[in-house]
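# Summary of the model geometry
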Amino acid sequence: MAAPMDIFRDSVKSVLDGWTVLQLAVQHGFGGVHSTVKAAWMGEAVSQWFHENADIDPSELEDFLAEILNNEFDTVADDGSLSQVAQQICGSYRLCRQGRQQEVLSRIQQLPKAQLSGCVAATGPEQDDDDDNDEEDEKEEEKDEDMEVTPSSSIDNGQQHQKAQNQQADTTPNISVQDMESQSQENVDDGWTVVTKKKKR
């Protein structure tokens, strides 16, 4: 029989191959042109992590898988399958450490296959972009409305300004040349007479 860690590695690969979320990401190329290679590397990374750390908790493995799924495939598993995958892998590792490799092999054969038929990739980010564009269009329309100026109000303001100038001109006193000449001499309190120069006639 194969070594316990080899059987555990096969178990990890089988669990990930049957994980619908991961296989859907691979099928749609969420990880780029190397999506298949990244999925294989993910299995090796998990096996190596258990090889270096004997007491890995299912919650720790769940966080580890979620981080890889997000960083390498830009995908979030929100269907509850992430916890199930972590439990299955941790259970297989525990059985291998106890020398119960045959049970692990039986588990591998009973694992369900990934259900890819009828699955559709979510298009959430594109919808967000559309919403952002709609908000920008609304802001532009509001800005244009604020900048509108009614022509009639501008004309009214100009007429009022001209009327005010005319009123000011009407209140200005008219002083004739004769009035100015009649005031050419002024008596001063001390008896002196102030003489101003008249205009030549």
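The structure under discussion appears in the preceding block.
Along each chain, residues carry numbers from 1 onward, in the same order as the chain's sequence is written. Since the coordinates come from a predicted model, pLDDT governs what is reported: local features require at least 70, and pairs of side-chain atoms require 80 or more to be given and counted, while whole-chain, interface and lining totals use all residues. As a convention, hydrogens and water are excluded, and side-chain values are obtained from all of the structure's heavy atoms.

What follows is about the nonpolar core. Put simply, a nonpolar core is a bunch of buried Ala, Val, Leu, Ile, Met, Phe, Trp, Tyr and Cys residues held in one set by side-chain atoms that sit within 4.5 Å of each other. The classification of residues rests on relative accessible area computed with a 1.4 Å probe and restricted to protein chains. Under 20% of the type maximum is buried, over 50% is exposed, and intermediate values are partly exposed. Counting 31 residues, the largest nonpolar core has Trp19, Leu22, Phe50, Leu61 and Ile89 as the members making the most contacts within it. Take this core: its biggest share by element is 8 residues, from helix 5 (residues 81-97). With residues up to four places along the chain from it excluded, the contact list for phenylalanine 50 reads Phe8, Ile56, Leu61, Ile89, Cys90 and Tyr93. In this text, helices come from DSSP runs of H or I with a minimum length of four residues, and strands from runs of E with a minimum of two, each type numbered from the N-terminal end. Two residues form a contact once any of their heavy atoms are found within 4.5 Å.

By the element assignment, threonine 75 lies in the loop between helix 4 (58-73) and helix 5. If near-sequence neighbours (up to four positions away) are discounted, threonine 75 is found in contact with Val21, Ala25, Phe30, Leu69 and Asn70.

A few words on the pattern of salt bridges. Salt bridge, as used here: a side-chain nitrogen of Lys or Arg that lies within 4 Å of a carboxyl oxygen of Asp or Glu. Counted under the stated rule, the structure contains 5 salt bridges. A salt bridge links aspartate 6 to arginine 9, with the shortest nitrogen-to-oxygen separation between them at 3.0 Å. Placement of the pair is aspartate 6 and arginine 9 together in helix 1 (residues 4-17), with a separation of 3 residues, close to one helical turn. Classification of aspartate 6 by relative accessible area gives partly exposed; the value is 37%. A cluster of three or more residues bridged by salt bridges with shared partners is formed by Asp6, Arg9 and Glu44.

All right, on to the packing of aromatic side chains then. Here is the rule: rings of Phe, Tyr and Trp (six-membered ring for Trp) pair when centre to centre is within 6.5 Å. Planes less than 30 degrees apart are stacked, more than 60 are edge-to-face, and the remainder are tilted. Following the criterion strictly, the structure yields 5 aromatic pairs and no others. Taken together, a centroid distance of 4.9 Å and an interplanar angle of 45° make the contact between phenylalanine 50 and tyrosine 93 tilted. Taken together, the residues phenylalanine 50 in helix 3 (residues 35-52) and tyrosine 93 in helix 5 connect sequence positions 43 residues apart. Across the pair, exposure class does not vary: phenylalanine 50 and tyrosine 93 are buried alike.

This paragraph deals with the environment of leucine 61. By the element assignment, leucine 61 lies in helix 4. Put simply, leucine 61 and leucine 82 are 21 residues apart on the chain and 9.3 Å apart in space, counted from C-alpha to C-alpha. Residue contacts for leucine 61: discarding those within four places in its chain leaves Val46, Trp49, Phe50, Ile56, Ala86, Ile89 and Cys90.

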